[in-house]
Amino acid sequence: MTPRQTPASAGLLSAERRGRAAANEGQGVGAIGANGVNGANGASGPVGAVGRLLRSHRPGEEPLRVLSASGQLGYGIVGASLERGLARQPHFIGCDMGSIDPGPYYLGSGEMAPPEDMVRRDLALVLGAARRLNIPLLIGSAGTAGARPHLEATLELVREVAQAQGLRMRLALIESDVDPGILTRALAEGRLHPLDDGDGPLPFPSAADIEACTHRVAQCGTETFIRALTPEVDVVLAGRACDTAIFAALPEMLGYDPGLALHMAKIVECTSLCCDPGGRDAILAELWPDHFVLESMNPALRATPASVAAHALYEQADPWFVEEPGGTLDLRSARYEAEGERRTRVAGARFTPRPQPTLKIEGACHVGARAVLLAGIADPVMQQELPRALEQVEAKVRSLVALAPGQRWALHPHAYGQGAITPRPPGGAGGTGAPCELGLVLEFIASDMALARTVAAVLKQNRRQHGYPGRLSTAGNLAFPFTPSELVAGEAYGFCLYHRLDGEDPAHIFRLRIENIGLAPVPVPANREARP
Amino acid sequence: MSKQDAVTSLPVPLARLAKVVRSKNAGPTQLTVDIFFHDADGYARAVACAGLQAPAVAARYGLRPQQVRRFELPGILAIKLSMPRRRCAGDPGDGDLYGAQQHVPLLEVRL
């Protein structure tokens, strides 16, 4: 690989940005014993993997090698690809662990989406690697949704892994939970805004809706990671975080262009998904002052200019502008060029900071208990009559099941073949008319589980025997796959908040704390809370 | 094939000219559909096709025309269509948590 940047270009890096790293370095002053690495650089205070990187890396002299190990920590990191990445001597490792994608259940309930033993396995791989190489490890959106229970559960697994491997580390934790009072005040002052021009399916919340959320989080951005990345730190474990912040913060602290750093971060947070074919293997980005180069750590996956450019469209409503807490990333002038068969060089994205940071807020609330009834329908007349028959049977069940004060239930039919997934095209799928059979999922949401089961069971019996015009199959209407036929499907949650919050200082929202594993505590810097 | 030829050729289903037609949530309240074409002719044909203009797409999804945003990306031969979801992802009654099957109404568009 040919360096495309002369060291002289490093002079373009802003003195102010270099200054951000220097300011952070001052914070550990006066602390006790360094953790033994590279502590003799003239500065006092313990030096962790972060301090070691900030002191030793000179942009332009060599690329900053950024290894993205996982876009969904806990679903199985491919070990061979990770090892190939480690052999390239990355300067730091980043992992994304969360998303809003799996739905409101995880934010609402406080549970983690991936299986705990898989999270333990993946954490063991990246923690072991980062400590072995003595490089920073940054993990964002801990435990899927990044609220307090997710962060604490992930921290507990980190402790277990550290104990099992005999690892010592200093962790910076970022808590992303937002106090409801901050949000109700913002609501009253007009500082809470929809993210979709108010044209979407999420109603604008009331103060009661905000209070009703079981968890409320904000996505922390690059500036919050920068605050957490003090020199004594080895590992950052963040609650809900922008995927980009995991990978853009250290480059920005080192003086790299924020547009370039964020564009790189935006691509690598999904690991090798930007490749042809796409994959989940670790990806390496080599960042220079004026471009970066992407390379999958799976030799079978190629990062091509077309595959990388196409990735900018992925799960992004607007292909040109990416909104971050601190400003807007503009991809219109991004350029993608092949560097060999399976590497792509990227340059040209621009970042425009906004005067006041904005934060994306997420909240989920309990909406009821869920029961499910599964059935199939083969009778053609029954299929045609289904919407009306369901209405009639639901009305009958409402007359049969008495509700106590405060109790309520709703039925949501999922009639496969009749528009359960997409709006039903006129004339049936492909113009072929009705399907030859139909699957039916009836979703009951009730104020409590006993009621959900009751209405599902009563509806089942009535639905089986319901008479409808043209009925030939007078012995029964539905084919049930299971007994019991009504399945308890757990508690139900819904998103309540997915909004933009203006006028709050991220430093007041995101709380930082230090967790020492196998290391003596250091005095608490002014911008952190002491751990109780 | 010039753009004019493309427009006057016999219509073929989108699935024949596109190499990727995919849909995905863009956050829990929005849906985005990406269509990538095999070649510049297919892309030109799609750009000119009324069936892929915002009003026609909105009609297929039961939305108002101004609710659909369309982006043309000639550099990568792609068209992007972004729109609100009918229900928030994972809400009771939602049939497609990740929005991964919402490309289907466009497969029948003839270009």
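Everything numeric in this text was worked out from a predicted model, so none of it was measured.

A.B. asks: Give a detailed account of the overall build of chain B, specifying residues and quantitative values.
C.D. replies: Along chain B, the regular secondary structure elements total 5 helices and 4 strands. Helices (α) and strands (β) of chain B occur, in sequence order from the N terminus, as α-α-β-β-α-α-β-β-α. Computed over the C-alpha atoms, the radius of gyration of chain B is 14 Å, within 12% of the 13 Å expected from 2.2 N^0.38 for a compact globule of 111 residues. Referenced to the eigenvectors of the C-alpha coordinate spread, the extents of chain B come out at roughly 50 × 25 × 20 Å. Every one of the 111 residues in chain B was classed for burial, and the buried ones make up 56%. For chain B, restricting intrachain contacts to residue pairs at least 6 apart in sequence, the fraction spanning at least 24 positions comes to 60%.

A.B. asks: Provide a residue-level description of the packing of helix H3 (residues 79–87) of chain A against helix H5 (residues 116–133) of chain A, including the pertinent values.
C.D. replies: All names here are of chain A. H5 packs onto H3 with a crossing angle of 15 degrees between their chain directions and a minimal axis gap of 12 Å. Compared by their axis directions, H3 and H5 come out roughly parallel. In terms of crossing hand, the pair formed by H3 and H5 is right-handed. Contact residues: H3 offers Leu82, Glu83 and Leu86, while H5 offers Leu125, Ala129, Arg132 and Leu133.

A.B. asks: Let's hear about the environment of leucine 497 of chain A: which residues, and what values?
C.D. replies: With respect to the helices and strands, the residue leucine 497 of chain A is situated in strand E18 (residues 486–502). When the C-alpha atoms of leucine 497 of chain A and isoleucine 361 of chain A are compared, they prove to be 6.4 Å apart, with 136 residues separating the residues in sequence.

A.B. asks: Talk me through the confidence of the model for chain B; I want residue IDs and the actual numbers.
C.D. replies: Residues and elements named next belong to chain B. Residue-level pLDDT values for chain B average 90, and 92% of them are 70 or greater. Of the regions scoring below 50 in pLDDT, residues 1–7 engages in 9 contacts with residues more than four places distant in sequence or in other chains. If you check the scores for this complex, the pTM reads 0.86 and the ipTM reads 0.84.

A.B. asks: Explain the side chain of histidine 150 of chain A to me, and be specific about the residues and the numbers.
C.D. replies: With respect to the element layout, histidine 150 of chain A can be found in helix H6 (residues 148–165). Here the side chain of histidine 150 of chain A touches tyrosine 106 of chain A through a polar contact of 2.9 Å, landing on its backbone oxygen.

A.B. asks: Quick rundown of the domain arrangement of chain A? Include the residues and the values.
C.D. replies: By the assigned domains, chain A splits into domain 1 (59–362 + 497–517) and domain 2 (379–478). Once you take the C-alpha centre of each, domain 1 of chain A and domain 2 of chain A turn out to be 42 Å apart.

So, how was this worked out
- Residues numbered from 1 in each chain as written.
- Chains lettered and ligands numbered in written order.
- Predicted model: local features only at pLDDT ≥ 70, side-chain atom pairs only at ≥ 80, totals over all residues.
- Heavy atoms only, no water.
- Helix = DSSP H or I, 4+ residues; strand = E, 2+ residues; numbered from the N terminus.
- Rg over C-alpha atoms; globule rule 2.2 N^0.38 Å.
- Buried < 20%, exposed > 50% of the residue type's maximum accessible area, 1.4 Å probe, protein only.
- Contact = heavy atoms within 4.5 Å.
- Axes fitted to C-alpha atoms, helices over the stretch in contact; angles between N-to-C directions.
- Parallel < 35°, antiparallel > 145°, perpendicular 65-115°, else oblique.
- Left-handed = near helix turned anticlockwise from the far one by under 90°.
- pLDDT = per-residue confidence, 0-100.
- Polar contact = N/O pair within 3.5 Å; in protein donor to acceptor, adjacent residues only side chain to side chain.
- Domains from an automatic or database assignment.

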